[in-house]
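Next come the chains, spelled out residue by residue.
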Amino acid sequence: MNPILSIKNLQAHFHTRRGVVKAVNGISYDLFPGETLAVVGESGSGKSVSQLSYLRLLASPPLKIPGGQVFYRDKDLLKLSDAELRKIRGDKITMIFQEPMTSLNPYLTVGAQLIEPLVIHRKKAKSEAWQAATAALERVGISNASNAMKAYPHEFSGGMRQRVMIAMALTTEPEVLIADEPTTALDVTVQAQILDLLKSIQKENKMALLLITHDLGVVANIAHKVVVMYAGRVFEKGSVDDIFYRSEHPYTQALLKSTPRVDRDDKILPAISGNTPDLIQIGSGCPFYERCSYRTDLCQAEFPQVRLGLKGHERYCHVEKVSS
Amino acid sequence: MSLKYLLGRLAVMVPVFFLVVTLVFFMIRFAPGGPFSSEKSVSPAILKNLEAKYHMDEPLSRQYLHYLKDLLHGDLGPSFKHANRTVNEIIAEALPVSLELGLLSLTWALMIGICAGGLAALKPNTSWDYIPMSFAILGICLPTFVVGPVLVLVFGVWLQWLPVAGWESWQDRVLPSLTLGFAYAAYISRLTRGGLMEIRMQDFIRTARAKGLSESDILLKHSLRGGLLPVISYLGPALAGIITGALVTETIFNIPGLGRFFIESAVNRDYTVVMGTSLLYFTLIFVCNFLVDIFYALLDPRVKYV
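Since the model is a prediction, treat every value here as computed from it, not as a measurement.

Parameters and conventions
Residues numbered from 1 in each chain as written. Chains lettered and ligands numbered in written order. Predicted model: local features only at pLDDT ≥ 70, side-chain atom pairs only at ≥ 80, totals over all residues. Helix = DSSP H or I, 4+ residues; strand = E, 2+ residues; numbered from the N terminus. Rg over C-alpha atoms; globule rule 2.2 N^0.38 Å. Buried ≥ 20, exposed ≤ 12 C-beta atoms within 10 Å, placed from the backbone. Contact = placed C-beta atoms within 7 Å. Nonpolar A, V, L, I, M, F, W, Y, C, P; charged D, E, K, R; others polar. Expected span 1.5 Å × (residues − 1). pLDDT = per-residue confidence, 0-100. Pairing = 2+ DSSP bridges. Core = buried A, V, L, I, M, F, W, Y, C linked by C-beta atoms within 7 Å. Bend = angle between axes of the 7 residues up to and from the residue. Axes fitted to C-alpha atoms, helices over the stretch in contact; angles between N-to-C directions. Parallel < 35°, antiparallel > 145°, perpendicular 65-115°, else oblique. Left-handed = near helix turned anticlockwise from the far one by under 90°.

A. Looking closely at the overall build of chain A. From N to C terminus, chain A includes 12 helices and 13 strands. In terms of overall dimensions, chain A is globule-like: its C-alpha atoms have a radius of gyration of 20 Å, near the 20 Å expected for 324 residues. Projecting the C-alpha coordinates of chain A onto the three principal axes gives extents of approximately 65 × 50 × 40 Å. Residue burial in chain A is summarised as follows: out of 324 residues, 47% are buried. Within chain A, contacts between residues separated by at least 24 positions form 65% of all contacts whose residues are at least 6 apart in sequence.

Written as structure tokens, this is what we have:
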């Protein structure tokens, strides 16, 4: 099977007054139809920027993409004109964001915003789009959808607004849905509802879901595959079980150890010592070098090549064997 | 926005109006001098007659009540300085002229200001931004008494395209309204640029982009409404100010508008004209702000007046 979305050696740099911030530093991963891929990482690891960059949702300048390819089917998105990209973005590839409170236009009704993708991409008449959008609202669990269509965003709670965002991203039945920390700004109970909703929709539509998150609990709940990112690099890729039970990367292991768990009686929650590196001063070595307990001189000199494990489990680390 | 709210807002106007009447009445009376004091000495007998004619020999409280009574009947009284003319006549003659000049100027200002500001906001930090915004700074800094004569010199005297003064034909309207509108255009362009720039940094604009909307749709459907709210707020006081405060423009172009009565009456202690123009200004401010508030609520669904 061919991937629906294939990121190859993508780089994304911000040119700031202080210098070049290398937010994404040559990452590669594939997203296959019908699978849920979670991209995990700390704040500043480049997990969001990598998506926003090739979708051209960041101001450029300061953003520049010095290298890489991003294939949607057989099209390199980086080579398309703005108009060509617009035909895919919002139709085949849709997106929902972290901030449901501010991601909807407060001056327009929910309905006016919901019908836009269908009107632009499918050339639907407004009345027809309105019906389809009402159905989409019903599907994401908004009761009394026809009234909700006429309401304004401020009349909804955060969780409801995120449902509206999801409905909006689904109207065109996209092949790829990119969800950028869709539950981070929500209450824990609402988080679970939204995740369940995404999960069931992903199954029903057989679409590919790319979930950006820093919450390992979310990953375990919903993902099939996981990509672990750190400081603009991919450290490890694999199935959920590969990452949670068979991880062979020092960073992933440290990350898992510092996650609070109810089934473990930790007196003190372990933390990864040190801080994330300054992305301006980052060199060609492994960015985790400073904080890694396995580090060697080689780690500082160059970033490792991929090591292939079983069944597509990949890790980027110079260390031969990491005890867990 | 409920009818109750609208009526309530209008009801508030009554006590405030009364307050303004009272304040202005006593302030201008307590100011030194009077309508009949001038360098030329007037004989005591004539002065006495004059004061009797205008009820100025009565105690101040009686004059005040007398004025209130006339005001309730819509009578603003006779002018003290313009013989045989009432304040009602003066306003009836001059207001339409000022209204026309003001509305014309504001129309120019809105058209130029919104286009220039919109352009600047769409292409920030390029020459599309720098050139109009430099003009805007110029427009805010240059006083009308510089802009007016320069326009007259260029278009009236050198090019001879337009008349230099007067208020008869449509050509007469062009230079004065441009002169008066220039500073307002400058201000509106800066407000438009600021408003649009702020809107375009909002998350919902990113959502609109993510949906695949074209840049023109993003501007027209998603940005303009919120981005122009600062301009709307500014229009209320601007309209009242532009109608009543065009003294310099009216003087340069010899236009029989209201502006000169504001200054002249205060200098001459023409008590009734001061009252009339002040009350007119107050009413204009009140009505314009009222309209702006209504308009604002129509544009921003989050604003609710209860």
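Text resumes after the structure shown.
B. Here's a closer look at the overall build of chain B. Of regular secondary structure, chain B possesses 13 helices and 0 strands. In sequence order, chain B lays out its α and β elements as α-α-α-α-α-α-α-α-α-α-α-α-α. By its C-alpha atoms, chain B is 85 × 60 × 30 Å across when sized along the principal axes. Across the 306 residues of chain B, 34% fall into the buried class.

C. View of the interface of chain A and chain B. Counting residues at the interface gives 22 residues for chain A and 18 residues for chain B. Considering every element that reaches the side of chain A that touches chain B, the biggest residue donor is helix 4 (residues 116–121) of chain A, with 4 residues. Class assignment for the residues of the side of chain A that touches chain B results in 10 nonpolar, 6 polar and 6 charged.

D. Structural detail: helix 7 (residues 158–170) of chain A. All names here are of chain A. Under the 1.5 Å per step criterion, the end-to-end length of helix 7 is 18 Å for 13 residues, consistent within 8% with the ideal 18 Å. The element helix 7 is largely enclosed, with a buried count of 12 among its 13 residues. Among the residues of helix 7, those classed as buried are Gly159, Met160, Arg161, Gln162, Arg163, Val164, Met165, Ile166, Ala167, Met168, Ala169 and Leu170. Elements in contact with the buried residues of helix 7: strand 7 (93–96), helix 3 (110–114), helix 4, helix 5 (126–139), strand 8 (176–180) and helix 8 (188–205).

E. How the structure looks around the confidence of the model for chain B. Residue and element names in this part refer to chain B. Mean pLDDT over chain B stands at 88; residues scoring 70 or higher make up 99%. Looking over chain B, one finds the lowest element-wise mean pLDDT in helix 2 (residues 44–53), namely 82, and the highest in helix 8 (residues 203–210), namely 94. Taken over the whole predicted complex, pTM reads 0.82, whereas the ipTM for its chain interfaces reads 0.88.

F. Structural context of the pairing of strand 5 (residues 69–72) of chain A. Residue and element names in this part refer to chain A. Only one face of strand 5 is covered, namely the one carrying Val70 and Tyr72; the face carrying Gln69 and Phe71 has none of its residues buried. As paired strands, strand 1 (residues 5–15) and strand 5 are joined by 4 bridges and run antiparallel to one another. Across the sheet, serine 6 pairs through a bridge with phenylalanine 71, a residue of strand 5. Sheet analysis places strand 5 next to strand 6 (residues 75–76), joined by 2 bridges and oriented antiparallel. Directly across from tyrosine 72, in strand 6, lies its bridge partner lysine 75.

G. Local environment of unusual backbone geometry. One non-glycine residue, Arg56(A), lies in positive phi territory at about 55°. Checked against the element boundaries, Arg56(A) lands in the loop between helix 1 (47–54) and strand 4 (63–64).

H. Up close: the nonpolar core. Ranked by size, the top nonpolar core spans 135 residues in total, and within it Val40(A), Leu137(A), Ala167(A), Leu211(A), Val227(A), Val228(A) and Met229(A) carry the most contacts. Among the elements that take part in this core, helix 7 (residues 171–200) of chain B stands out by supplying 12 residues, more than any other. When sequence neighbours within four positions are dropped, the list of residues in contact with Leu211(A) reads Thr36(A), Leu37(A), Ala38(A), Ala179(A), Ile222(A) and Ala223(A). Membership of the second largest hydrophobic core comes to 13 residues, among which are Ile90(B), Ala94(B), Leu258(B) and Met275(B).

I. Helix 9 (residues 215–227) of chain B, seen in detail. Residue and element names in this part refer to chain B. With 13 residues, helix 9 extends only 15 Å from end C-alpha to end C-alpha; this falls clearly short of the ideal 18 Å at 1.5 Å per step. Taking the largest bend as the criterion, helix 9 deviates by roughly 30°, centred on lysine 221. If you check which residues of helix 9 are buried, you get Leu219, His222, Ser223, Gly226 and Gly227. Packed against the buried residues of helix 9 are helix 4 (87–122), helix 7, helix 8 and helix 10 (229–244).

J. Highlighting the environment of Gly113(B). Residues and elements named next belong to chain B. Along the chain, the position of glycine 113 falls in helix 4. Judged by C-beta crowding, with 27 C-beta atoms within 10 Å, glycine 113 ranks as buried. Here the alpha-carbon distance between glycine 113 and lysine 53, two residues 60 residues apart in the chain, equals 51 Å. If we skip the residues at most four places from it in the chain, glycine 113 touches Ala185, Ile188, Ser189 and Thr192.

K. Structural detail: the sheet that holds strand 9 (residues 208–213) of chain A. Residues and elements named next belong to chain A. Strand order in the open sheet formed by 8 strands is 7-8-9-3-10-11-13-12, and the pairing between neighbours is mixed. Each end of this open sheet is capped by a strand with a single partner; those strands are strand 7 and strand 12 (306–308). Going across the sheet, the axis of each strand differs from the next one's by a mean of 20°, ignoring polarity. Of the strand pairs in this sheet, strand 11 (residues 233–239) and strand 13 (residues 314–316) are connected by 2 bridges, and their pairing is antiparallel. Looking across to strand 13, one finds that glutamate 236 is bridged to arginine 315.

L. Representation of the packing of helix 7 of chain B against helix 9 of chain B in the model. All names here are of chain B. Packing of helix 7 against helix 9 brings their axes to within 8 Å, and their N-to-C directions diverge by 130°. By the angle class used here, helix 7 and helix 9 are oblique. The element helix 7 and its partner helix 9 pack so that their crossing is right-handed. Between helix 7 and helix 9, the residues in contact are Gly195, Leu196, Ile199 and Arg200 and Ser223, Gly226 and Gly227, respectively. Taken together, the residues of the contact of helix 7 with helix 9 sort by class into 2 nonpolar, 4 polar and 1 charged.

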